[in-house]
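Breakdown of the fold
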Amino acid sequence: MRLDTEKINEHAPYPVQSLPDESWVKFKTDYNVIYYAGFDRDDLSLPDTFVYQFSIINGNNKKSPNDKKVRGTIIAILENFFRQNNEVMLYICETGDGKQAMRNRLFGYWFNHYKRGWKLVMMSATLYDEDGIENDTAIILRQDHPKLSEIIKKFTDTVQTLRDKPTNE
């Protein structure tokens, strides 16, 4: 999987640069925040299906204001992914700082307000780990994916299985 930085830069408000791993890019904001965004193959989530886990990393841990240009750049990256691939994207909100619910709402807002004629399906779920920490996750795929119904069923079944697992009390 390779991101096409030339195509991304046709639409991205912030110019992106490719990285040695061609499924990742980086960009710097007007506020000197450096972001890395990219896709890693996930072989565990949905067997027999190509799934890529999408990540956005604040590379220099600077506070980032509400910056619409970040949203536009992330959308350009996602658009490039879905134009080049008819695969499944898995999104998991990072939980290390307790801000996962805020990240999930922001990503959902970006996704729901992006309407460039894309026909995408997004299914999200909230799961709790053994420590009671909330984990927000979602899959996104094109409506014309040849295994759409099967993938939705697998995701739903996996979520239900994880919710039903016994707790250690």
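Heads up: the structure comes first, above all this text.
Residues numbered from 1 in each chain as written. Predicted model: local features only at pLDDT ≥ 70, side-chain atom pairs only at ≥ 80, totals over all residues. Heavy atoms only, no water.

**A closer look at the pattern of salt bridges**
- If you walk through the whole model with that rule in mind, you get 6 salt bridges.
- For the salt bridge of Glu-22 with Arg-2, the shortest nitrogen-to-oxygen distance reads 4.0 Å. Taken together, the residues Glu-22 in the loop between β1 (17-18) and β2 (24-28) and Arg-2 in the segment before α1 (5-11) connect sequence positions 20 residues apart. (Salt bridge = Lys/Arg side-chain N within 4 Å of Asp/Glu carboxyl O. Helix = DSSP H or I, 4+ residues; strand = E, 2+ residues; numbered from the N terminus.)

**Focus: the sheet that holds strand β7 (residues 134-142)**
- Spatially, β1-β2-β3-β4-β5-β7-β6 is the arrangement adopted by the 7 strands of the open sheet, whose pairing is mixed. Strand pairing shows two members of the sheet lacking a second neighbour, β1 and β6 (120-128), which therefore form its edges.
- By the bridge criterion, 9 bridges tie β6 to β7 in an arrangement that is antiparallel. Its bridge partner being in β7, Met-122 is matched across the sheet by Ile-140.
- The strands touched by helix α2 (residues 68-84) within the sheet are β2, β3 (34-41), β4 (51-58), β5 (88-92), β6 and β7, with β3 carrying the most contacts at an inclination of about 20°.
- Running at roughly 10° to β6, helix α4 (residues 148-164) makes contact with β5, β6 and β7 of the sheet. (Pairing = 2+ DSSP bridges. Contact = heavy atoms within 4.5 Å. Axes fitted to C-alpha atoms, helices over the stretch in contact; angles between N-to-C directions.)

**Quick word on α2**
- Taking 1.5 Å of rise per residue, the 17 residues of α2 would be expected to cover 24 Å, and the 24 Å separating its terminal C-alpha atoms lies within 8% of that figure.
- Burial analysis of α2 places 12 of its 17 residues in the buried class, which makes it a mostly covered element.
- Turning to α2, its buried residues are Val-70, Gly-72, Thr-73, Ile-74, Ile-75, Ala-76, Ile-77, Leu-78, Glu-79, Asn-80, Phe-81 and Phe-82.
- The distance from a side-chain oxygen at the start of α2 to the backbone nitrogen of Lys-69 is 2.9 Å, and the residue carrying that oxygen is Asp-67. (Expected span 1.5 Å × (residues − 1). Buried < 20%, exposed > 50% of the residue type's maximum accessible area, 1.4 Å probe, protein only. Polar contact = N/O pair within 3.5 Å; in protein donor to acceptor, adjacent residues only side chain to side chain.)

**Side note on the environment of Asn-58**
- When you line up the elements, Asn-58 lands in strand β4.
- A relative accessible area of 22% means that Asn-58 is categorised as partly exposed.
- Separated by 30 residues in sequence, Asn-58 and Lys-28 have C-alpha atoms that sit 9.9 Å apart.
- Leaving out residues up to four positions away in the same chain, Asn-58 has contacts with Val-33, Ile-34 and Tyr-35.

**Let's talk about the pairing of β5**
- Most of β5 sits out of view: 4 of its 5 residues are buried.
- Where β4 meets β5, 4 bridges bridge the pair, whose relative direction is parallel. Paired with Phe-54 across the two strands is Tyr-91, which belongs to β5.
- In terms of strand pairing, β5 meets β7 through 4 bridges, oriented antiparallel. Residue pairing in the sheet places Ile-92 in a bridge with Thr-137 of β7.

**Regarding the nonpolar core**
- Grouped together as the largest cluster of nonpolar side chains are 27 residues, with contacts concentrated most on Phe-27, Phe-39, Phe-54, Ile-74, Ile-77, Met-89 and Phe-107.
- Elements with a contribution of two residues or more to this core: β2, β3, β4, α2, β5 and α3 (100-112).
- Sorting elements by how many residues they give to this core places α2 first, with 7 residues.
- Apart from residues lying up to four places away in sequence, Ile-77 is in contact with Leu-3, Ile-8, Val-16, Val-25, Phe-27, Ala-37, Phe-39 and Phe-54.
- Counting 12 residues, the second-largest nonpolar core is a separate cluster that includes Val-51, Leu-90, Ala-125 and Val-159. (Core = buried A, V, L, I, M, F, W, Y, C linked by side-chain atoms within 4.5 Å.)

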